[in-house]
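A structural walkthrough
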Amino acid sequence: MDACLPVIASKYGGNFPYFRQPVKVGEFSLDDTRQFHHDSSRQKYMSWPSNKSLDSGESTGVYFDLNLLIDKAVKKDDSQLDERLDNLLKWIVRNQSKFQVKGYKGELNSLSTNFVCYRGLMTKLMVTPYENREPWIICASKWRDTIYLCAFDTEEKQAERQRETDRQRTMTSWGYKFEQFMMADAADSEANPHVPVLEGEEFCCVLRSRLGSHSLVYGAEVDGLDPHHTGDPSTMARFVELKTSREVDNQRQRNTLRRFKMLKWWAQSFLVGIERVVVGFRDDDGVVHRLHAYSTRQLPKDQDFWSPAVCMNFADALLSFVARHVTGDDPRAVWRLDFRPAERRVTCTPLGRSQRFRLLPDWYTEQMFPRELVT
Ligand code: A3P
Ligand code: MG
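Taken in spatial order, the ten strands line up as E1-E17-E16-E7-E8-E6-E11-E10-E2-E3 in an open sheet, and their pairing is mixed. Looking at strand neighbours, the two that pair on one side only are strand E1 (3–6) and strand E3 (36–37), the edges of this open sheet. Here strand E2 (residues 23–30) pairs with strand E10 (residues 202–211) via seven bridges, running antiparallel. By the bridge assignment for E10, Ser29 is matched with Phe203. Docked against the sheet, helix H6 (residues 308–325) engages E1, strand E6 (115–118), strand E7 (136–143), strand E8 (146–152), E10, strand E11 (214–221), strand E16 (333–340) and strand E17 (345–353), running at close to 170° with respect to E1.

In this section: the site of ligand 1. Taken together, Thr172, Gly175, Tyr176, Glu179, Asp223, Glu241, Leu242, Lys243, Thr244 and Gln268 make up the full set of residues near ligand 1. One of the side-chain nitrogen or oxygen atoms of Glu241 is found 3.2 Å away from an oxygen atom of ligand 1. Within the contact set of ligand 1, an oxygen atom lies 2.6 Å away from a backbone nitrogen or oxygen of Thr244. Protein contact buries 60% of the 540 Å² of open area that ligand 1 shows by itself. Listed by contribution, the elements that provide at least two residues to the shell around ligand 1 are helix H4 (166–182) and strand E13 (239–246).

Time to look at helix H5 (residues 251–272). The end-to-end C-alpha separation of H5 is 31 Å, in line with the 32 Å expected for 22 residues at 1.5 Å each. Where H5 bends most, the angle comes to about 40°, and this point is Lys261. Of all the positions in H5, only Leu257, Met262, Leu263, Trp265, Trp266, Ala267, Gln268, Ser269, Leu271 and Val272 are classed as buried. With a side-chain oxygen positioned 3.2 Å from the backbone nitrogen of Arg252, the residue opening H5 is Asn250. In the segment just after H5, Gly273 is the residue with positive phi, at about 80°.

We now examine unusual backbone geometry. The phi angle at Arg34 is positive, at roughly 65°, despite the residue not being glycine. Along the polypeptide, Arg34 turns up in the loop between E2 and E3. Backbone geometry places Arg144, a non-glycine residue, at a positive phi of 50°.

Our focus in this paragraph is the nonpolar core. Grouped together as the largest cluster of nonpolar side chains are 61 residues, with contacts concentrated most on Leu125, Leu149, Tyr294, Val322 and Val346. Here this core gets nine residues from one element, more than from any other, and that element is H6. Ignoring sequence-local partners within four residues, the contact set of Val322 consists of Phe115, Ala140, Ile147, Leu149 and Leu337. Membership of the second largest hydrophobic core comes to 29 residues, among which are Val93, Cys150, Val334 and Tyr364.

Our focus in this paragraph is the coordination of the magnesium ion (ligand 2). In the first shell of the magnesium ion (ligand 2), the protein supplies Asp223 (OD), Glu241 (OE) and Leu242 (O), at 2.2 to 2.3 Å from the metal. In the primary sequence, the donor residues of the magnesium ion (ligand 2) line up as D-x17-E-L. Here Glu241 falls in the buried class, since its relative accessible area comes to 3%.

Enumeration according to the criterion identifies 26 salt bridges in this entry. We note a salt bridge from Glu201 to Arg42, for which the minimum N-O separation is 3.4 Å. Of this pair, Glu201 sits in the loop between strand E9 (183–184) and E10 while Arg42 sits in the loop between E3 and strand E4 (45–46); the two residues are 159 residues apart in sequence, bridging distant segments of the chain. With a shortest N-O distance of 3.4 Å, Glu241 and Lys243 are connected by a salt bridge. The same class applies to Glu241 and to Lys243, which are both buried. Several salt bridges converge on common partners, so that one network encompasses Arg336, Asp338, Arg340, Glu343 and Arg345.

What counts, and where the lines are drawn
Residues numbered from 1 in each chain as written. Chains lettered and ligands numbered in written order. Predicted model: local features only at pLDDT ≥ 70, side-chain atom pairs only at ≥ 80, totals over all residues. Heavy atoms only, no water. Pairing = 2+ DSSP bridges. Helix = DSSP H or I, 4+ residues; strand = E, 2+ residues; numbered from the N terminus. Contact = heavy atoms within 4.5 Å. Axes fitted to C-alpha atoms, helices over the stretch in contact; angles between N-to-C directions. Near = heavy atom within 4 Å. Polar contact = N/O pair within 3.5 Å; in protein donor to acceptor, adjacent residues only side chain to side chain. Areas by Shrake-Rupley, 256 points an atom, 1.4 Å probe, with all protein chains shown as cover. Expected span 1.5 Å × (residues − 1). Bend = angle between axes of the 7 residues up to and from the residue. Buried < 20%, exposed > 50% of the residue type's maximum accessible area, 1.4 Å probe, protein only. Core = buried A, V, L, I, M, F, W, Y, C linked by side-chain atoms within 4.5 Å. Donors = N, O, S within 2.8 Å, 3.2 Å for Na, K, Ca; no water. Salt bridge = Lys/Arg side-chain N within 4 Å of Asp/Glu carboxyl O.

Following this line, the structure appears as structure tokens:
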């Protein structure tokens, strides 16, 4: 019998758990061919004019045609990509000194962190209590006291990718095009939407935080920063999350927005300490006419469909569940966690040494902690 954790929102109410303000410890970039660069070359800067400040919330009379040069966009081919944790692991290999505990002079033999993963995985955990449709698969391996977590496509997701329509592909490209309308390549330049979008480019920050008793290191793709923001550079307050969404015409659409989209926007941004989510509201033809800046702090207060405390308490409980079941010190041993919405539970199954779901490649374990652990 597999171990299991119930997923019932009402079980995870109560106070908001301890969550430490995330601190940025590093960054990396991926170019349009998904090559790793240990730099901030793909960082973007919000170029929305300051005299049209979005701090007050709203900007109307915008006209961003997201179809501009859409046929020239350089796509990211998800079906060919199997990156797992590789880019984050490359960053860790190059930044081992950042994991040295202050005052300890000996050789590094652990990252001194309980979990390593991507932010997207943490978002997935946070919204699980309210997820009625999409199952997920997460795999875990434990090595040198750190558990590594990575999401894998479910069969349903693979089938969905196969069935993807031209319309869906276009809508994905609209999301990237909106980023290009809002962001420039340098703090003192302007956005240029008159060139094709390189959809595979990415800028990632690496963050350290703690949820309850679990210390975390996670990578997060971020859209860009506001060069006029005077926030502390060690936090993520200067960064802005960009989203597109269909303009809302009626109460039903407004409720859908609050119930599902705002939950995801909040979870994703809260986790990295981003304070503003700028949404481009578009029509059915892909033209944005209105921008709205939401305060991350305010998003949960504008609705009563979901509770931030439930999200975080569930994520905390899930990490504790993983920590109880994923044990040992074998970088090839994998555990598989499955969430199936109809069953309202997460199961944990040991897979042994699985090649299919392997997370920690030899190049990683060979370059980390070079000395054998003396026990
Ligand atoms: P929207 O954000 O406007 O939906 P992110 O918001 O996470 O920075 O992602 C930017 C854009 O990438 C999205 O725009 C969307 O177009 C595309 N995208 C990201 N993840 C996706 C996914 N899982 N499926 C489809 N499109 C995705
Ligand atoms: Mg975005």
